[in-house]
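# Structure assessment
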Amino acid sequence: MHFKICCVGVGVFVSDKIKDAKIIFVVGGPGSGKGTQCEKVVAKYGYTHLSSGDLLRAEVGSGSERGKQLQAIMQKGELVPLDTVLDMIKDAMIAKADVSKGFLIDGYPREVKQGEEFEKKIGKPCLLLYVDARGETMVKRLMKRGETSGRADDNEETIKKRLDLYYKATEPVIAFYEGRGIVRKVDSELPVDEVFGQVSKAIDAL
Ligand SMILES: Nc1nc2c(ncn2[C@@H]2O[C@H](COP(=O)(O)OP(=O)(O)OP(=O)(O)O)[C@@H](O)[C@H]2O)c(=O)[nH]1
Ligand SMILES: Nc1ccn([C@@H]2O[C@H](COP(=O)(O)OP(=O)(O)O)[C@@H](O)[C@H]2O)c(=O)n1
Ligand SMILES: [Mg+2]
């Protein structure tokens, strides 16, 4: 009996560490500028930036068996299994829980059920920053980034697939959270610093 209570205790302790953390979802199309804005938020507000794409690419870079499977999915611009990416985000949040002022979850959720699972396992977001750019702008930016990024998915064919998937699976996420009144849209067609001015206004209003 004692062992069981102990396990339950540990389980509760772990999730308590991140249950009350301030969580901001950063959602937007591929190449919309999520990462660019997150870097500026980190510099100004000291938040912890967790890019789901970067966490996945780190796993790919580790050469692990799981990394090989993820690579195959990502270079097709498809979504990796929900539990895989959610567990990676949760582990990364727990690792930083004691020092974090809040978490920027970049590139997640990518579909409504990812958001629902996140809330069951971790907690509710207080803000969804919607980084909005036109399709042709995103393609142009990613083709340019692809010249130096070395990302297997920054090529014309995969960019188009990522864009299609974004419109099909991820835009409904915006509508879902608009229903909660926590979406703040920023116009990422503007110059980076003007976009950041809109981002700052949304965060200062929290
Ligand atoms: N001109 C211009 N370029 C931008 C802006 N924001 C980002 N970029 C560029 O567009 C490219 C994509 O920006 P990222 O911040 O990596 O976009 P992302 O949404 O994180 O992209 P994914 O990780 O693929 O989802 C980068 O090369 C940036 O330098 C902007 O406001 N204006
Ligand atoms: N929640 C997530 C995040 C990324 N990914 C995968 O990781 C890739 C890169 O994610 P990213 O956020 O860096 O880039 P974009 O897809 O937003 O351009 C995506 O194209 C997906 O293949 C995923 O499957 N699920
Ligand atoms: Mg990014």
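What counts as what
- Residues numbered from 1 in each chain as written.
- Chains lettered and ligands numbered in written order.
- Predicted model: local features only at pLDDT ≥ 70, side-chain atom pairs only at ≥ 80, totals over all residues.
- Heavy atoms only, no water.
- Helix = DSSP H or I, 4+ residues; strand = E, 2+ residues; numbered from the N terminus.
- Buried < 20%, exposed > 50% of the residue type's maximum accessible area, 1.4 Å probe, protein only.
- Contact = heavy atoms within 4.5 Å.
- UniProt positions renumbered as here; feature names shortened; annotations may be inferred.
- 1 Å grid on protein atoms, 1.4 Å probe; cavity = no way out; pocket = protein on both sides within 12 Å on 5 of 7 lines; lining within 4 Å.
- Points joined across faces, edges and corners; volume = space filled by probe spheres on them.
- Nonpolar A, V, L, I, M, F, W, Y, C, P; charged D, E, K, R; others polar.
- Phe/Tyr/Trp six-rings, centres within 6.5 Å; stacked < 30°, edge-to-face > 60°.
- Near = heavy atom within 4 Å.
- Polar contact = N/O pair within 3.5 Å; in protein donor to acceptor, adjacent residues only side chain to side chain.
- Areas by Shrake-Rupley, 256 points an atom, 1.4 Å probe, with all protein chains shown as cover.
- Sits in = over half its atoms within 2 Å of the grid points.

Structurally, the position occupied by D153 is in the loop between helix 7 (135–149) and helix 8 (156–178). For D153, a relative accessible area of 10% translates into the label buried. Counting along the chain gives 29 residues from D153 to K124, while the straight-line C-alpha distance between them is 30 Å. Once residues lying within four places of it in the same chain are set aside, the contact partners of D153 are R57, M74, T158, I159 and R162.

Looking now at the UniProt feature "binding site: ATP" (unreviewed entry) in the protein. In the numbering used here, UniProt assigns the feature "binding site: ATP" (unreviewed entry) to G31, S32, G33, K34, G35, T36, R145 and L190. Lining the largest cavity, from the set of annotated residues above, are K34. Assignment of secondary structure puts G35 in helix 2 (residues 34–45). If sequence neighbours within four positions are ignored, G35 has contacts with H49 and D106. Within the secondary structure, T36 sits in helix 2.

Below, the discussion takes up empty space enclosed by the protein. In this structure the tally under the stated criterion is 1 cavity of 30 Å³ or more. Considering the residues around the largest cavity, the lining is formed by V26, K34, Q37, C38, V41, L104, L129 and V131. Broken down by element, the residue count for the lining of the largest cavity peaks at 4 residues, all from helix 2. Looking at the lining of the largest cavity residue by residue, the class counts come to 6 nonpolar, 1 polar and 1 charged.

Next up on the list: the packing of aromatic side chains. The geometry of an aromatic ring pair is captured by two quantities: the separation of the ring centres and the angle between the planes. Summed over the entire model, instances satisfying the criterion amount to 7 aromatic pairs. On the numbers, 6.5 Å between centres and 65° between planes, the contact of F25 with Y108 is edge-to-face. Taken together, the residues span a long stretch of sequence, with F25 in strand 1 (residues 23–28) and Y108 in the loop between strand 3 (103–106) and helix 6 (112–121) at a distance of 83 residues. Each ring, one from F25 and one from F118, has its centre 5.0 Å from the other, and the planes form 80°; the classification is edge-to-face. Here the residue F25 occupies a position in strand 1, and F118 occupies one in helix 6, the gap between them amounting to 93 residues. F118 carries the same exposure label as F25, and that label is buried. An aromatic cluster is present here, built from F25, Y108, F118, F176 and Y177 joined pairwise through their rings.

In this section: the site of ligand 2. The environment of ligand 2 is formed by 18 residues, the closest being R57, E78, V80, R110 and R162. In the model, an oxygen atom of ligand 2 is placed 2.8 Å from a nitrogen or oxygen of the V80 main chain. Computed on the free molecule, ligand 2 has an accessible area of 510 Å², of which 96% lies beneath the protein chains in the complex. Structurally, ligand 2 is housed in the largest pocket. For the shell around ligand 2, the element with the highest residue contribution is helix 3 (residues 52–61), accounting for 4 residues.

Moving on: helix 6. Burial in helix 6 covers these residues: Q114, G115, E117, F118 and E119. Of the surrounding elements, those touching the buried residues of helix 6 are strand 1, helix 5 (82–96), strand 3 and helix 8.

Here the largest pocket defines a volume of roughly 820 Å³. As for the largest pocket, its lining consists of 40 residues, and the residues nearest its centre are K34, R57, R110, R151 and R162. Looking at the lining of the largest pocket, the elements that each hand over two or more residues are strand 1, helix 2, strand 2 (48–51), helix 3, helix 7 and helix 8. Take the lining of the largest pocket: its biggest share by element is 5 residues, from helix 3. Those elements giving two or more residues to the lining of the second largest pocket turn out to be helix 2 and helix 9 (192–204). Of the residues assigned to the lining of the second largest pocket, the class counts are 3 nonpolar, 6 polar and 2 charged.

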